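Survey of secondary and tertiary structure
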Amino acid sequence: MRIFTGIAFLLVSSVFYGQTPEVSKDKKWVLVPELSDEFDQDILDTTKWQKEPIGNDWVWDGRPPALFKASNVAVKDGKLNVTVGKLDQPVTTKGKIFTHQGGIVRSLNPGKVGYYYEAKMKANKTVMSSTFWLMSKYDCEQKLELDIQECVGRTTDKTEVWAQKWDQIFHANAIHRKTTCNPEAKRVQQQFTPETKNHERFYVYGAWWKSDTEILFYLDGTYTYTLNPTVAWNMPAYIHMAIETYDWNPIPDDGGLVTYGTLEERTTQYEWVRTWELK
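An account of the accompanying structure is given in this report. Owing to the predicted nature of the structure, the values given are computational and were not obtained by experimental measurement. (Residues numbered from 1 in each chain as written. Predicted model: local features only at pLDDT ≥ 70, side-chain atom pairs only at ≥ 80, totals over all residues. Heavy atoms only, no water.)

1. What to know about the nonpolar core
Counting 46 residues, the largest nonpolar core has Leu80, Ile148, Phe217, Ile239 and Met241 as its most contacted members. Setting aside residues no more than four positions away along its own chain, Phe217 makes contact with Leu146, Asp147, Ile148, Phe170, Ala172, Gly206, Ala207, Thr222, Tyr223, Thr224, Tyr225 and Leu227. Among the nonpolar cores identified, the runner-up in size contains eight residues, and Ala123, Val152, Trp166 and Tyr246 belong to it. (Core = buried A, V, L, I, M, F, W, Y, C linked by side-chain atoms within 4.5 Å. Buried < 20%, exposed > 50% of the residue type's maximum accessible area, 1.4 Å probe, protein only. Contact = heavy atoms within 4.5 Å.)

2. Remarks on the packing of aromatic side chains
This structure, assessed with the given rule, holds 18 aromatic pairs. On the numbers, 6.3 Å between centres and 40° between planes, the contact of Tyr117 with Trp209 is tilted. Of the two residues, Tyr117 sits in strand E8 (residues 116-122) while Trp209 sits in strand E13 (residues 203-211), which places them 92 residues apart along the sequence. The exposure class of Trp209 is buried, given its relative accessible area of 1%. Measuring from centroid to centroid gives 5.0 Å for Trp162 and Trp248, while their planes differ by 50°, and the two rings are tilted. Remark: Trp248 occurs in the loop between strand E16 (237-243) and helix H2 (256-260) and Trp162 occurs in the loop between strand E10 (144-152) and strand E11 (170-176); sequence separation between them is 86 residues. Among the aromatic residues, ring-to-ring pairing joins Trp29, Tyr116, Trp208, Tyr218 and Tyr223 into one connected group. The side chain of Arg201 reaches across the aromatic face of Tyr203, ending 3.7 Å from its centre. Arg274 extends its terminal NZ or CZ atom over the ring of Trp272, reaching a point 3.8 Å from the ring centre. (Phe/Tyr/Trp six-rings, centres within 6.5 Å; stacked < 30°, edge-to-face > 60°. Helix = DSSP H or I, 4+ residues; strand = E, 2+ residues; numbered from the N terminus. Lys NZ or Arg CZ within 6 Å of the ring centre and 35° of its normal.)

If you want it as C-alpha cells, here you go:
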C-alpha cells in the first residue's frame, strides 16, 4: 500500500467538504485499508481480493456467453487488469454454454453505511462491461446491489435502443434483488454523460453511502446525482469488479474486439480502489 501524502489526502478530502456542507469540519475522511488497494504489487493481494468466481458464499460464474475465469485477472504495471476474450473451446457448466470469457474480482471484507467508495477505472473497448459495484450476500428478505458504475466499451447495431449510449455513461443502480421473499425486484437508477467514451480515459467513479436512504455519486470528485433506495440500504456489502456480457449488447457475429482486439482494447484497467470512513 502506498503512503498517502498530506497534499493527496487534502485533495481527496476537500471534495467531500465542498459537496456535503452538513458534515462538520472537525471530521475527516480516513482510509479503510482492507477495502483499498493501489495495485502497486506484482500480484493480487489475496488478503483483500478474491478472483475465483466460486467461493466464500458466491456462486455466480458469469452470464452466458462469457464465463468468469480467474486466469483473466492480473496485476501489472500498477494496475488491476481484467481481460476478455474468446474461449479456445465452448464450456458447458450448470446447463449454461459459454463461448467467451471475462472475469470478476470481489473484496473479502464487507463495507458498510457511511463509507465512501471510489475506483479509478478505464473501461475495455469491447461490447462487454466494465463495472464497480457493491453486493450484499444472500438474505431472503434483503438482497441488495449497488452499481456505482456500469457501462460497456462499445455498442453496435445489435444493441437495444435504450442502451445505445452506454459506452459513454456514468450509470448507477440501487436494486432490491428478487428472492423468494421479494418476488419482484425493485430498482432506482440515475445516469450522466461524461465528456468522453468510457474506454478513452480513466475516470474516478465514487459513491458515498451516506445513510440507509441516501447515496451520493461523484464523477472525478464532482457530485453528480443522488439515489434514494426503496428499502433501508443497510446490509454489509462487498466490492465487485465484474467484466461480463449482456443480452442487450450482444457480442457481434464475428466476435468483434472481444475476439480480435488488442490486449489493451480487451482489458478493463483499475488504477486503484479506495474506501474512506468519516471520523
